[in-house]
Amino acid sequence: MRADFRIWGLLPAWVIMGFTLIIPIGIVIAVSFAARGAYGGFDWALSGEPYVQILYQVGWTDELEFNPQYLYIIARTLWLAAITTLICMAVSLPVAYYIARQPRAVKAALVYLVTLPFWVSMIVRVYAWLMILGNDGVIEKALVATGLTSGIDSLLFNDGAMLVGMVYSYLPLMILPVFASVEKLDGALIEASHDLYANRWVTLRRVILPLAWPGLMAGAILVFVPCLGAVLEPILLGGGKQLLMGNLIQTQFGGGRNWPFGAAIAVVLMGLVMIVLMARALRDGGRHDAA
Amino acid sequence: MTLKTTLLASAALLALSTAARAEGELHLYIWSDSIAPELITKFEAETGTKVTVDGYNSNEDLLTKLQAGATGYDLVMPSQHFVRIMIDQGLLEDIDAASLAAFQQVDPKWRGQWWDETNDYSIPVAYGTAGYTVNRDQYKGAVDSWSVFFEPSAELQGKIALLSYPDEVVGAAQLYLGVPFCSENPDEMKKVLDLLMAQKPSVAAYTSDNIENRIGGGEVAAHFWWDGNSMKTRANDGANIEYAMPKEGLVGWIDSLAVPKGAANIDNAKAFIDFMSTPENATVQYNYYGHSSPVALDLAVAKYTPENAPELFPTVKVEFSRACSPAAQDLVTKVWTQLLQ
């Protein structure tokens, strides 16, 4: 009886998941094996061509040649997501630790402040960085006002600006889970560590970090996965000089008029995300078994 | 209880959205901010029709949405080459446009063109060019050729911006190199790629957003842009910018009103096309949009003249973008992907 309810009681969830997640993903996969339409769109026909196209291209002289350009784009996307995740991890630990050590009321206020940016549209938040980093922007004005310099070149349109935007956008997703695990951290353990003559560094490495680790891992996935699909920051702050997977997919569905290829790249992107999630799930599973 | 309420609420919403398809409605899907809001209000007041407006920022967005089977739109605003593609793909409704009152207002030079030879599907509403704009505080040199933009001098190093998609940019490079639009010749397109690759070290950004601020505020010194937008930023915001007239020519576009296949309110859509094309309303539209009008205007009220808006009256040849074959389009995409790889 109860087991039955467990299944049909979740029916609304199954229906929503099916219609809004499973079926659309199925369609994307199906399109990635379809034939492209001449002016966008696609025709049903089984073809592996889009996947071949990821690795090989017809060269300027009309022969099929190995072409690593899409691999570069995939590698660049992974690299950017990884760097963003690492910076977020490094920044969020002290922030979360600090918040967790505050009195209850202050803590609540600080957590609220961390979530506040989510109430503002992503585009608006990225545009704010245009005003901070741009010509005559907040940073330049501040530097000029202090008399340090008479003016600087624009700080926009480089990898640094893009990275700042990415870290800024996704940092709250890291702080919240890290905060959740740091908050539960028992102060007595830190005292015990000091009693056993551990210095601050050893305490951090041997006590705090291991206890915060589950939060850092959860945050890493929350940050890494959306970073793989980032489109806004690379174009608006980075200057769009190099394609990432998100822009590449957009190009193929839009001006490129090659939906099957766009779908194939989306499937590859999805595959990468699944590998990350499964690796994590397997490791967790292993740990539980051991324990 | 809560579940029941939710279900009831959803049912009510569904009922409402179905009602929204009924008579007295008109759903526009047009270029963002392209139609004067006061004309929408006026049309609603005159006809009692409720108008909704959705915007898009590229022809590709529109085409993709219609191909994906978007329904619920009654009027769209594609550029010439996309009118052609949409007709060929069976995405537009035959509204016998030549029989509309609006057609009599259309300048004869825009009738029976290659994108709609029989004038069955579309009535043009605005036209203009794509070229480049320079910030005169940053760059003082001549702007009579695309060479200034594509083969920049040291002065423009790191101070150039282009659009984030290839459509007009590749067209301009083709004009400069003397390569025909929609070339299917890989050698010719390789030359286009080489030109853009050589330009890339001087490029600050490939982005289509927020152009007004970037070029008006001097973040960059030269920006690929459209005539009317450049004119409005100069005239309204007092930006010290100039729209170049390169001797190799400008890339032309002309947007038309057309009805997507299966639209629910075809009569209202036709009424709106006629409404937009009366000299009085077309002039209001012209003064708002700041792009040239293919329909007759009330010249006594028209705000922009060759004297105060030279951007809109090109002195060089204008070549209109074509509907490329898949082979040609693949070469364009290839150029762009390799450029940004």
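Residues numbered from 1 in each chain as written. Chains lettered and ligands numbered in written order. Predicted model: local features only at pLDDT ≥ 70, side-chain atom pairs only at ≥ 80, totals over all residues. Heavy atoms only, no water.

Re the domain arrangement of chain B
Residue and element names in this part refer to chain B.
Right, so step 1: On domain assignment, one finds that chain B holds domain 1 (23–127 + 253–289) and domain 2 (128–251 + 310–339).
Right, so step 2: Placing the centre of domain 1 and that of domain 2 at their C-alpha centroids yields a distance of 27 Å.
Right, so step 3: Taken together, the contact between domain 1 and domain 2 spans 15 residues of the former and 15 residues of the latter.
Right, so step 4: Taking both partners together, domain 1 and domain 2 bury about 1200 Å²; carbon and sulfur atoms supply 54% of that area.
Right, so step 5: Considering only the surface of domain 1 that becomes buried against domain 2, His81, Trp114 and Trp253 emerge as the three largest contributors, covering 47% of it.
Right, so step 6: Across the contact surface, domain 1 and domain 2 share zero salt bridges.
Right, so step 7: Across the contact surface, domain 1 and domain 2 share five residue pairs in polar contact (both at pLDDT 80 or more).
Right, so step 8: Those elements that place two or more of their residues in the side of domain 1 that touches domain 2 are α4 (80–88), β9 (250–258) and α12 (279–289).
Right, so step 9: With five residues, α4 is the single largest residue contributor to the side of domain 1 that touches domain 2.
Right, so step 10: Counted by class, the side of domain 1 that touches domain 2 contains ten nonpolar, three polar and two charged residues. (Domains from an automatic or database assignment. Contact = heavy atoms within 4.5 Å. Buried area = accessible area lost by both parts, 1.4 Å probe. Salt bridge = Lys/Arg side-chain N within 4 Å of Asp/Glu carboxyl O. Polar contact = N/O pair within 3.5 Å; in protein donor to acceptor, adjacent residues only side chain to side chain. Helix = DSSP H or I, 4+ residues; strand = E, 2+ residues; numbered from the N terminus. Nonpolar A, V, L, I, M, F, W, Y, C, P; charged D, E, K, R; others polar.)

With respect to the domain arrangement of chain A
All names here are of chain A.
Right, so step 1: Domain annotation for chain A reports domain 1 (1–67 + 260–291) and domain 2 (69–180 + 219–257).
Right, so step 2: Look at where the C-alpha atoms of domain 1 and domain 2 centre, and you get two points 27 Å apart.
Right, so step 3: Each partner contributes to the interface: domain 1 provides 23 residues, whereas domain 2 provides 16 residues.
Right, so step 4: Both faces combined, the contact of domain 1 with domain 2 buries some 1700 Å², and carbon together with sulfur accounts for 79% of it.
Right, so step 5: On the domain 1 side of the contact with domain 2, Asn67, Ile265 and Leu269 bury the most area, a combined 27% of that side's loss.
Right, so step 6: The interface formed by domain 1 and domain 2 includes two residue pairs in polar contact (both at pLDDT 80 or more).
Right, so step 7: Counting only elements with at least two residues in the side of domain 1 that touches domain 2, the list comes to α3 (49–55) and α13 (259–290).
Right, so step 8: No other element matches α13, which puts twelve residues into the side of domain 1 that touches domain 2.
Right, so step 9: Of the residues in the side of domain 1 that touches domain 2, the class split is 15 nonpolar, six polar and two charged.

Points about the packing of aromatic side chains
Right, so step 1: Counted according to the given criterion, the structure contains 27 aromatic pairs over all chains.
Right, so step 2: Relative to Tyr168 of chain A, the ring of Trp129 of chain A has its centre 5.6 Å away and its plane inclined at 70°; by these criteria the two rings are edge-to-face. One end of the pair, Trp129 of chain A, is in helix α6 (residues 122–133); the other, Tyr168 of chain A, is in helix α8 (residues 159–183), with 39 residues separating them in the sequence.
Right, so step 3: Judged by its relative accessible area of 18%, Trp129 of chain A falls in the buried class.
Right, so step 4: By way of ring pairs, the aromatic residues Tyr132, Trp146, Phe149, Phe150, Tyr176 and Phe224 of chain B are connected into one cluster. (Phe/Tyr/Trp six-rings, centres within 6.5 Å; stacked < 30°, edge-to-face > 60°. Buried < 20%, exposed > 50% of the residue type's maximum accessible area, 1.4 Å probe, protein only.)

Overview of the environment of Asp144 of chain B
All names here are of chain B.
Right, so step 1: Within the fold, Asp144 resides in the loop between β4 (122–135) and α6 (147–150).
Right, so step 2: Remark: the alpha-carbon pair of Asp144 and Trp226, spanning 82 residues in sequence, is separated by 16 Å.
Right, so step 3: Filtering out sequence-adjacent residues up to four positions away, Asp144 remains in contact with Met245, Pro246 and Lys247.

Some remarks on the interface of chain B and chain A
Right, so step 1: Taken together, the contact between chain B and chain A spans 37 residues of the former and 36 residues of the latter.
Right, so step 2: When chain B packs against chain A, close to 3100 Å² is buried across both sides, 56% of that on carbon and sulfur atoms.
Right, so step 3: Taken together, the links from chain B to chain A amount to one salt bridge.
Right, so step 4: Asp330 of chain B is the salt-bridge partner of Arg36 of chain A, the closest N and O atoms lying 2.7 Å from each other.
Right, so step 5: Run the count over chain B and chain A and you get eleven residue pairs in polar contact (both at pLDDT 80 or more).
Right, so step 6: Counting residues per element, the ones that place at least two in the side of chain B that touches chain A are α3 (59–67), α8 (186–199), β6 (203–206) and α13 (326–339) of chain B.

Concerning the confidence of the model for chain B
Right, so step 1: Model confidence for chain B is summarised by a mean pLDDT of 90, while 93% of its residues fall at 70 or above.
Right, so step 2: Segment residues 1–22 of chain B: pLDDT under 50, and seven contacts once partners within four positions in sequence are set aside and those in other chains are kept. (pLDDT = per-residue confidence, 0-100.)

Overview of the packing of helix α4 (residues 69–100) of chain A against α8 of chain A
A pair of packed helices can be characterised by two numbers: the angle between their axes and the separation between those axes.
Residue and element names in this part refer to chain A.
Right, so step 1: α8 packs onto α4 with a crossing angle of 45° between their chain directions and a minimal axis gap of 6 Å. Here α4 lies oblique to α8, going by the angle between them. Like other packed secondary-structure pairs, α4 and α8 cross with a definite hand, here right-handed.
Right, so step 2: Of the residues belonging to the contact of α4 with α8, the class tally is 23 nonpolar, three polar and one charged. (Axes fitted to C-alpha atoms, helices over the stretch in contact; angles between N-to-C directions. Parallel < 35°, antiparallel > 145°, perpendicular 65-115°, else oblique. Left-handed = near helix turned anticlockwise from the far one by under 90°.)

What about α8 of chain B?
All names here are of chain B.
Right, so step 1: Compared with an ideal rise of 1.5 Å per residue, which puts 14 residues at 20 Å, α8 spans 20 Å between its outermost C-alpha atoms and is within 8% of the ideal.
Right, so step 2: Within α8 the residues assigned to the buried category are Met189, Val192, Leu193, Leu195, Leu196 and Gln199. Viewed end-on, α8 has its buried residues packed into an arc of 160°, placing them on one side of the element. Opposite the buried face of α8, by more than 90 degrees, sit the exposed residues Asp187 and Ala198. (Expected span 1.5 Å × (residues − 1). Arc of directions from axis to C-beta.)

As for the pairing of β4 of chain B
Residues and elements named next belong to chain B.
Right, so step 1: Where burial is concerned, most of β4 is hidden: 14 out of the 14 residues are buried.
Right, so step 2: Judged from the eight bridges that link them, β4 and β9 form a sheet pairing that is antiparallel. Looking at β9, one finds that Ile123 is bridged to Leu257.
Right, so step 3: Pairing geometry for β4 and strand β7 (residues 222–226), over five bridges, is antiparallel. Across the sheet, residue Val134 finds its bridge partner in β7, namely Ala222.
Right, so step 4: The sheet contact formed by β4 and strand β8 (residues 241–243) spans three bridges and is antiparallel. Residue Thr133 lies in a different strand from β8, and its bridge partner there is Tyr243. (Pairing = 2+ DSSP bridges.)

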